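So the chains spell out like this:
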Amino acid sequence: MLFALDIDGTIGQDTNHIARILTREFQLPISESTLDRIDLLGAFLHSNTVQSYLKHSAPELREQFCKALKAANKHPDVQRNRVPIPGAVATLQELAQQGGRIIYTACRPPPYQKISSFFRLLIDIWFLLITKEI
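Here the structure is a predicted model, which means the values were calculated and not measured. (Residues numbered from 1 in each chain as written. Predicted model: local features only at pLDDT ≥ 70, side-chain atom pairs only at ≥ 80, totals over all residues. Heavy atoms only, no water.)

What to know about helix α5 (residues 59-72)
At 3.6 residues per turn, the α-helix brings residues three or four places apart onto the same side.
Here's step 1: The end-to-end C-alpha separation of α5 is 20 Å, in line with the 20 Å expected for 14 residues at 1.5 Å each.
Here's step 2: Along α5, the residues classified as buried are Phe65, Ala68 and Ala72. Projected down its long axis, α5 shows its buried positions confined to an angular sector of 70°, all on one face. In α5, those exposed residues whose orientation departs by more than 90 degrees from the buried face are Pro59, Glu60, Cys66, Lys67 and Lys70.
Here's step 3: Of the surrounding secondary structure, the elements contacted by the buried residues of α5 are α1 (17-25), α3 (41-45), α4 (48-56) and α6 (76-80). (Helix = DSSP H or I, 4+ residues; strand = E, 2+ residues; numbered from the N terminus. Expected span 1.5 Å × (residues − 1). Buried < 20%, exposed > 50% of the residue type's maximum accessible area, 1.4 Å probe, protein only. Arc of directions from axis to C-beta. Contact = heavy atoms within 4.5 Å.)

Shown next, in the form of structure tokens:
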């Protein structure tokens, strides 16, 4: 059986790079040590600091924040530093052991295609390692 998997949000996720980008861009009062403890974007977006900022900002700033959030997902630092979603490795190993063939996909604008190619190469190497084919 053939499986085509999108990398972003399916088997790979951001850790705290988007939080760092938005903190810098909107000058949010969040310390480096706090950012170090943020491991998921949802934790950052639901933090008291971000919620207070959005609640007390003008509609134009909230709109800018939403646009920046969407754009940050394609930032090179975010793309380079994705990590496997919990359970992704074990699931892919199981699919491979059951004879499944896996294709990794990503839809990226031209400036990020080089990063995507590099990321796919790393995933291919990683997959060969976990299936013990090399």
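Okay, back to it.
Looking at the pattern of salt bridges
Here's step 1: Considering all chains together, one arrives at 3 salt bridges under this definition.
Here's step 2: Linking Arg20 and Glu32 is a salt bridge whose minimum nitrogen-to-oxygen distance equals 2.6 Å. Linking Arg20 in helix α1 with Glu32 in helix α2 (residues 32-37), this pair joins segments that are 12 residues apart in sequence.
Here's step 3: A residue is classified by how much of its surface remains accessible, and Arg20, at 18% relative accessible area, is buried.
Here's step 4: A salt bridge links Glu63 to Lys67, with the nearest nitrogen and oxygen atoms 3.3 Å apart. In this pair, Glu63 and Lys67 are both assigned in helix α5, 4 residues apart and thus about one turn of the helix distant.
Here's step 5: For Glu63, a relative accessible area of 46% gives the class partly exposed.
Here's step 6: Residues joined in a network through salt bridges with shared partners are Arg20, Glu32 and Asp36. (Salt bridge = Lys/Arg side-chain N within 4 Å of Asp/Glu carboxyl O.)

In short, shape yes, function no, at least from these values alone.
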